[in-house]
Amino acid sequence: MSPSIQEIKEKHAGRFLAMPGVVSVGIGRDPDGKPVIIVGLDGPHPQTQKKLPRVLDDYPVHVEIIGPVKAQ
Amino acid sequence: MNIDITSIRDILKDTSRKLLGRANIVATGIGYKITKGEKTSDLSIVCSVKEKLPASQLSKKDMVPATINGTPTDVLETGPIRAFPARTDRWRPAPGGVSIGHRDITAGTLGCLVKKNGQTFILSNNHVLANSNNAQPGDPILQPGPIDGGKWPNDRIAELHEFVEIVFLAPEPPGDCGVARGVASLLSGIAKIVGSKSRLRAVNIRAVENLVDAAIARPFNEQDVSNEILEIGTIKGLSQGELGMAIKKSGRTTELTTGEIQQVNVTVNVQYGTGLIASFTDQLMAGAMSQGGDSGSAVLDNTDNLVGLLFAGSDTTTIINRIENVFSALGLGL
């Protein structure tokens, strides 16, 4: 059985969060409703954006600039 | 009797200031006179009063005359009239959605009431009620929070009872270019190091991940708190947050806002003040629906089931603890 998107996300989240600018890794949906892994950045980071994979085990990886996340 | 409204308006214009100068009168206007509980067809000058008093308790100058320039008067008891209080005001009883905070913080939001061992507690964030771990059980909780004018001892509403410690990532050593994630503090009872201890490089030690930023405070007096959440009402039950779920919150700063769960299983690094970062996992992420001071807001679904506890956000996102993780960490129920 192929791994679930949750398993894939858990496996790679730590590695992604160690990249400069990465502040979040989660599971969302694309506009067609298909599950995707979403990586959040605190601002533009061209190097990190270049290094992040487009696809992980058949699941698309989307990158969004969400800004720094702060306790409110 | 047939007096037209224009002439009554003129009479009222001339006399309202005088009427409002009398003790007890809080408003004047024009309305149909009510006699023995029934609305009549006669227009009258209505004087609203804080309370209806027998003539014997009123001095002559404070009495409402039976007629003014031939127009009948009516007296209506409304109680004192106040501006609708703001969420940053003092509220007793205090409902969910108003300002609250530990003595040493600025202010956050009173989320909702919860039960533990049959007792009632106020639920909010650790960083609202327990000053981000820098607090002791028994510390005073103020409503409103200090930045909204809450002062000890007059505005204390509760005492800190229990909090889930937030485990922060160790500060990055200077010159490290932010590559290492840092070694997390091992002090917490919930601390869990995943990965091999034999590995030597800090970057390979998986940081301790938090599930919740939560704390409870015990009200000194149960009459001082209310089960209602402002602009929402009472909580119907619990619900698990899912992708695409419509949600709402009621908070100190942005009040009632709505949104949608856009991500689940979120692992996120959150800044606390200057320099401190804590990693949280199994979070819900919604679009922008909060600002500073909304922390601690209860998050509900469309049918008023409790889904989460709001604690952080960015310009475009809101980060929410799952309520099931909050309840299990602190042993809570509704």
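See the structure shown above.
Because the structure is predicted, anything quoted here is derived from the model rather than measured.

Asker: Just to check I follow, could you spell out the interface of chain A and chain B for this structure?
Answerer: Interface size, as often reported, equals the accessible area lost upon joining of the parts. Each partner contributes to the interface: chain A provides 25 residues, whereas chain B provides 34 residues. Here chain A packs against chain B, burying approximately 2200 Å² in sum over the two surfaces, 48% of which is carbon and sulfur. Seen at the junction of chain A and chain B, the total is 0 salt bridges. The interface formed by chain A and chain B holds 14 residue pairs in polar contact (both at pLDDT 80 or more) in total. Only α1 (5–17), β1 (22–29), β4 (59–65) and β5 (70–71) of chain A provide two or more residues apiece to the side of chain A that touches chain B. The leading source of residues in the side of chain A that touches chain B is β1 of chain A, at 8 residues. Residue composition of the side of chain A that touches chain B, by class: 13 nonpolar, 7 polar and 5 charged. Alignment of β1 of chain A against strand β17 (residues 255–272) of chain B, held across 3 bridges, turns out to be antiparallel. Bridge pairing links Ser-24 of chain A to Val-268 of chain B in β17 of chain B.

Asker: Would you take a moment to explain the nonpolar core for this structure?
Answerer: The nonpolar side chains of a soluble globular protein tend to be buried with one another. If you look at the biggest cluster of nonpolar residues, it comprises 28 residues, and the most contacted ones within it are Phe-16, Val-22, Val-25, Ile-37 and Val-39 of chain A together with Ile-247 and Ile-261 of chain B. Of all the secondary structure elements, the ones that give two or more residues to this core are α1, β1, β2 (35–41) and β4 of chain A together with β17, β18 (276–287) and β20 (305–313) of chain B. Sorting elements by how many residues they give to this core places α1 of chain A first, with 5 residues. Here Phe-16 of chain A is in contact with Val-22, Val-25, Val-39, Leu-52, Pro-53 and Leu-56 of chain A, once residues within four sequence places are set aside.

Quick notes on the rules
- Residues numbered from 1 in each chain as written.
- Chains lettered and ligands numbered in written order.
- Predicted model: local features only at pLDDT ≥ 70, side-chain atom pairs only at ≥ 80, totals over all residues.
- Heavy atoms only, no water.
- Contact = heavy atoms within 4.5 Å.
- Buried area = accessible area lost by both parts, 1.4 Å probe.
- Salt bridge = Lys/Arg side-chain N within 4 Å of Asp/Glu carboxyl O.
- Polar contact = N/O pair within 3.5 Å; in protein donor to acceptor, adjacent residues only side chain to side chain.
- Helix = DSSP H or I, 4+ residues; strand = E, 2+ residues; numbered from the N terminus.
- Nonpolar A, V, L, I, M, F, W, Y, C, P; charged D, E, K, R; others polar.
- Pairing = 2+ DSSP bridges.
- Core = buried A, V, L, I, M, F, W, Y, C linked by side-chain atoms within 4.5 Å.
- Buried < 20%, exposed > 50% of the residue type's maximum accessible area, 1.4 Å probe, protein only.

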